Structures are given as structure tokens and as C-alpha cells.
Amino acid sequence: MNEIRKFIDTISPMNDSDWAFFASKLQEVRLEKNTTISKIGKIENYLSFISKGIVRLYIPKEESDLTFGFVFDNEFVTAYDSFLTQSPSDYQIETLTETFLWKISIEDLQEVYNKTNNGNIIGRKMAEKMFLIKSKRELSLLNKTAEERYLDLFSSRPKLLQQIPLKYIASYIGITPQALSRIRKRIT
């Protein structure tokens, strides 16, 4: 639980009583590799903090899934649009490695927002961060080549990417696994 406190303190430090209230609402979960966290068509009721692990966000397809996000240690993960609107999700979230999460329900999160001094500030800053990540990805898909997208991903998370199957990386940067293989050969 120390990881989540450190992370939150970088956003907006919580006093001890607010932290104790927030921490009392968290549930620790350990998940095996390839475990579905959130299913397509289901309403997302939890916001989770990854203390250790890698997860991917994707749209399941018959021929090959469309991966559109990876989330790593010390980051929050949720089907955020479903979480906010309480409507069924259009995508799934699954673990790519053994993963340890701290989960909070939407009801408990609302209570944290209402009863703590800076819960709303933390929520707003996390929403802003999620927006910036989404915006950066969209702009990357529109403005950069597949090779540039791969190099950006590789330079920001080199060790972690060694744990992600290449087919998911290819899907994430918008190309086929064969095209990714050619890029990797060309740059090594």
C-alpha cells in the first residue's frame, strides 16, 4: 500500500486521517497472468491502482484483438468511460503478467471525494492525466510513422516491453506483427 500512498502524494498529498479513510476503502487483489479484469459489455465498477504488473486494454476481434493501451506499475487502470457513465464497456482489460492491484468501488470513491480534503483534486488530476495519455496516443497515430511509434514506446518502457507479446505491440502501434518484425530488423 506504500506505493499508492507515494503515488497519490506526488499528485496532492493527503493528511493522515484522509489517507486512513481512503485506505480503508481499498481492496488488495492478486491476479494471474492473462486474467480478465474488465469484460466487454459489463459495467466497470472499480478504479484500480497497479502496484505491480502490466495490463492491456483491447477490443476483442475474431482474427486479432485491437490493443489500444498498456498500463504499468504505479498507474491507475479502469474502463474509464464505462466507470464514469455506468454503461457497458466497449472493450476489455486483461493482465499480461502476474498483477497486484488496489481496487476501490465507484461508490467508495465518491465517498472519498465527498469526505476528504483533496480527494476531488486527486480525481481531477488523474482524469487530466488519463486525457493527456489518450490525446498523446491519438496524435501519435495521426502524426508519426509506425517506426516512430515503436521507438517512442520502446524508449519510454524498454524493460517492460520485453514482457509484452509482439502481436500486442504491433496492434497498439497500428501495424501487423510482420510489419513490426521488419521494423525491428531495420533498427537493430
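Up top is the structure these notes are about.
These numbers were taken from a predicted model, which means no experiment stands behind them.

K.L.:
Which residues make up the sheet that holds strand E2 (residues 36-38), and what values do they have?
P.N.:
The strand order E2-E7-E4-E5 describes an open sheet built from four strands, whose pairing is antiparallel. Two strands bound the open sheet, and with one partner strand each, they are E2 and strand E5 (66-71). Across this sheet, the average inter-strand angle for adjacent strands is 30°, counted without regard to direction. Bridging between strand E4 (residues 55-59) and strand E7 (residues 92-95) involves four bridges; their strand directions are antiparallel. Across the sheet, Arg56 pairs through a bridge with Glu94, a residue of E7.

K.L.:
Any chance you could break down the pattern of salt bridges for me, citing the residues and the numbers?
P.N.:
Throughout the structure, instances matching the rule amount to 12 salt bridges. With a closest N to O distance of 2.7 Å, Arg56 and Asp65 form a salt bridge. Accessibility expressed as a relative area gives 24% for Asp65, which makes it partly exposed. In this structure, the salt-bridge partner of Arg124 is Glu128, at a minimum N-O distance of 2.9 Å.

K.L.:
Before we move on, can you summarise the sheet that holds strand E3 (residues 46-52) with the specific residues and values?
P.N.:
Sheet architecture is open: four strands sit in the order E1-E8-E3-E6, paired in antiparallel fashion. The open sheet has two edge strands with one neighbour each: strand E1 (27-31) and strand E6 (75-77). Strand-to-strand twist across the sheet, computed as the mean angle between neighbouring axes with direction ignored, equals 35°. Strand direction decides the pairing type here: E3 and E6, joined by three bridges, are antiparallel. Bridge pairing in E6 places Ser48 opposite Val77. In the packing of helix H4 (residues 106-115) onto the sheet, the strands contacted are E3 and strand E8 (99-105), and the crossing angle to E8 comes to about 65°.

K.L.:
So what about helix H8 (residues 166-173)? Which residues, and what values?
P.N.:
Here H8 lies mainly inside the structure; six of its eight residues are buried. Every buried residue of H8 is accounted for by Tyr168, Ile169, Ala170, Ser171, Tyr172 and Ile173. Just beyond H8, the residue with positive phi is Gly174, at close to 85°.

K.L.:
Account for the packing of helix H2 (residues 16-24) against H4, naming residues and giving values.
P.N.:
As a packed pair, H2 and H4 sit with axes 10 Å apart at the nearest point and diverge in direction by 170°. Here H2 is positioned roughly antiparallel relative to H4, judged by the angle of their axes. Taking contact as the criterion, the partners of Asp18, Phe21 and Phe22 in H2 are, on H4, Glu111, Val112 and Lys115. Each residue belonging to the contact of H2 with H4 can be placed in one class, and the counts come to three nonpolar, no polar and three charged.

K.L.:
Tell me about helix H5 (residues 119-143), and please be specific about residues and values.
P.N.:
Along its 25 residues, H5 runs 36 Å from first to last C-alpha, staying within 8% of the 36 Å computed at 1.5 Å per residue. Turning to H5, its buried residues are Gly119, Ile122, Gly123, Met126, Met130, Arg137 and Ser140.

K.L.:
An account of the packing of aromatic side chains is requested, with residue identities and associated values reported.
P.N.:
As enumerated under the stated definition, the model contains seven aromatic pairs in all. With centroids separated by 5.4 Å and ring planes inclined at 50°, the aromatic side chains of Phe7 and Phe49 adopt a geometry described as tilted. In this pair, Phe7 is assigned in helix H1 (residues 2-11) and Phe49 in strand E3, connecting sequence segments 42 residues apart. Looking at Phe49, the relative accessible area reads 0%, which means it is buried. Between Tyr150 and Phe154, the aromatic rings sit 5.9 Å apart at their centres with planes inclined by 25°, giving stacked as the arrangement. Separated by four residues within a single helix, Tyr150 and Phe154 lie in helix H6 (residues 146-156), roughly one turn from each other. You can call Tyr150 buried: its relative accessible area is 5%.

Reading the values: the criteria
Residues numbered from 1 in each chain as written. Predicted model: local features only at pLDDT ≥ 70, side-chain atom pairs only at ≥ 80, totals over all residues. Heavy atoms only, no water. Pairing = 2+ DSSP bridges. Helix = DSSP H or I, 4+ residues; strand = E, 2+ residues; numbered from the N terminus. Axes fitted to C-alpha atoms, helices over the stretch in contact; angles between N-to-C directions. Salt bridge = Lys/Arg side-chain N within 4 Å of Asp/Glu carboxyl O. Buried < 20%, exposed > 50% of the residue type's maximum accessible area, 1.4 Å probe, protein only. Contact = heavy atoms within 4.5 Å. Parallel < 35°, antiparallel > 145°, perpendicular 65-115°, else oblique. Nonpolar A, V, L, I, M, F, W, Y, C, P; charged D, E, K, R; others polar. Expected span 1.5 Å × (residues − 1). Phe/Tyr/Trp six-rings, centres within 6.5 Å; stacked < 30°, edge-to-face > 60°.

Interpretation in functional terms is not warranted from these geometric data alone.
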